[in-house]
Amino acid sequence: QVQLVESGGGLVQAGGSLRLSCTASQIIFGIRAMGWYRQAPEKQRELVAVITSGGVTIYTDAVEGRFTISRDNARNAVYLEMNSLKPEDTAIYYCNADMWILGGKTRDYWGQGTQVTVSS
């Protein structure tokens, strides 16, 4: 059973920084992409950033220039460096891995979520 284990959330003042980490316990046939999503209270889960196996990165406009996503393929890990945090960044952050499985298909795996709270 694939598990994604996250760490690094917490409470920080506006303007501060946090670094989230996520490690996959095992790989099926490979990882196509890994990313971070977030869900604020009473809002839908939204994409924050994603990085492909080839290193291509995509960010939502709200975090562009403040957040940096990176990955360590040898460790099956993905990281999210969050700088200049704002109160509106407060949410539960979820790690996602889009993995190759049997038959050339892919499947999404999710972490349990880590709380990020930014105080004003």
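See the structure printed just above.
Fair warning: this is a prediction, and the values are worked out from it, not measured in the lab. (Residues numbered from 1 in each chain as written. Predicted model: local features only at pLDDT ≥ 70, side-chain atom pairs only at ≥ 80, totals over all residues. Heavy atoms only, no water.)

Enquirer: Even after reading the chapter, I still don't get the pattern of salt bridges, so can you show me in this structure?
Expert: Where side chains of opposite charge bring their charged atoms close, a pairing between them can arise. Tallied over the full model, the rule gives 6 salt bridges. We note a salt bridge from arginine 19 to glutamate 81, for which the minimum N-O separation is 3.5 Å. With a gap of 62 residues between them, arginine 19 in strand β3 (residues 18–24) and glutamate 81 in strand β8 (residues 77–82) connect regions that are remote in the sequence. Taking the relative accessible area as the measure of exposure, glutamate 81 reaches 29% and is therefore partly exposed. Between aspartate 98 and arginine 32 there is a salt bridge, with its nearest N and O atoms 2.8 Å apart. Here arginine 32 lies in strand β4 (residues 30–39) and aspartate 98 lies in strand β9 (residues 91–100), a separation of 66 residues in the sequence. Judged by its relative accessible area of 12%, aspartate 98 is buried. Since its relative accessible area comes to 37%, arginine 32 is described here as partly exposed. (Salt bridge = Lys/Arg side-chain N within 4 Å of Asp/Glu carboxyl O. Helix = DSSP H or I, 4+ residues; strand = E, 2+ residues; numbered from the N terminus. Buried < 20%, exposed > 50% of the residue type's maximum accessible area, 1.4 Å probe, protein only.)

Enquirer: Sorry if this is basic, but what is going on with the sheet that holds strand β7 (residues 67–72) here?
Expert: The strands that make up a sheet are held in pairs by hydrogen bonds between backbone atoms, and each pair lies either parallel or antiparallel. Spatially, the 4 strands line up as an open sheet ordered β1-β3-β8-β7, and their pairing is antiparallel. The strands lining the two open edges of the sheet, one partner per strand, are β1 (4–7) and β7. Each adjacent strand pair in this sheet contributes to an overall mean axis angle of 15°, direction not counted. When β1 meets β3, the two strands line up antiparallel, connected through 4 bridges. Looking at the pairing, serine 7 lines up with serine 21 of β3. (Pairing = 2+ DSSP bridges. Axes fitted to C-alpha atoms, helices over the stretch in contact; angles between N-to-C directions.)

Enquirer: Honestly, the nonpolar core in this entry has me stumped. Any pointers?
Expert: A general tendency of soluble globular proteins is for nonpolar side chains to be buried together. Among the nonpolar cores identified, the biggest contains 30 residues, and Trp36, Leu80, Met82 and Tyr93 are the most heavily contacted of them. Taken together, the elements giving at least two residues each to this core come down to β3, β4, β5 (46–52), β7, β8, β9 and β11 (114–119). Of all the elements, β9 adds the most residues to this core, at 5 residues. With residues near it in sequence (within four places) discarded, leucine 80 still touches Leu18, Arg19, Leu20, Trp36, Val48, Ala49, Phe67, Thr68, Ile69 and Tyr93. (Core = buried A, V, L, I, M, F, W, Y, C linked by side-chain atoms within 4.5 Å. Contact = heavy atoms within 4.5 Å.)

Enquirer: Sorry if this is basic, but what is going on with a nonpolar patch on the surface here?
Expert: Together, Ile28, Phe29, Trp100 and Leu102 give the surface a local cluster of nonpolar side chains, amounting to about 430 Å² of exposed area. Here tryptophan 100 lies in strand β9. Among the residues examined, tryptophan 100 registers a relative accessible area of 32% and is labelled partly exposed. (Patch = residues over 30% accessible without salt bridge, like charges linked within 9 Å, V, L, I, M, F, W, Y side chains within 5 Å. Areas by Shrake-Rupley, 256 points an atom, 1.4 Å probe, with all protein chains shown as cover.)

Enquirer: What am I meant to see in unusual backbone geometry here?
Expert: Glycine aside, a negative phi is what most residues show, and trans is what most peptide bonds show. With a phi close to 65°, glutamate 42 is a non-glycine residue in the positive phi region. Assignment of secondary structure puts glutamate 42 in the loop between β4 and β5. Positioned with a positive phi, serine 84 is a non-glycine residue whose angle comes to about 50°. Note on placement: serine 84 falls in the loop between β8 and β9. Residue classification places serine 84 among the partly exposed positions, given a relative accessible area of 42%.

Enquirer: Would you take a moment to explain the environment of serine 7 for this structure?
Expert: Assignment of secondary structure puts serine 7 in strand β1. Judged by relative accessible area, serine 7 falls into the partly exposed class, the value being 41%. Residues serine 7 and cysteine 95, 88 residues apart in the sequence, show an inter-C-alpha distance of 9.9 Å. Serine 7 has contacts with Arg19, Leu20 and Ser21, leaving out every residue within four places of it along the chain.

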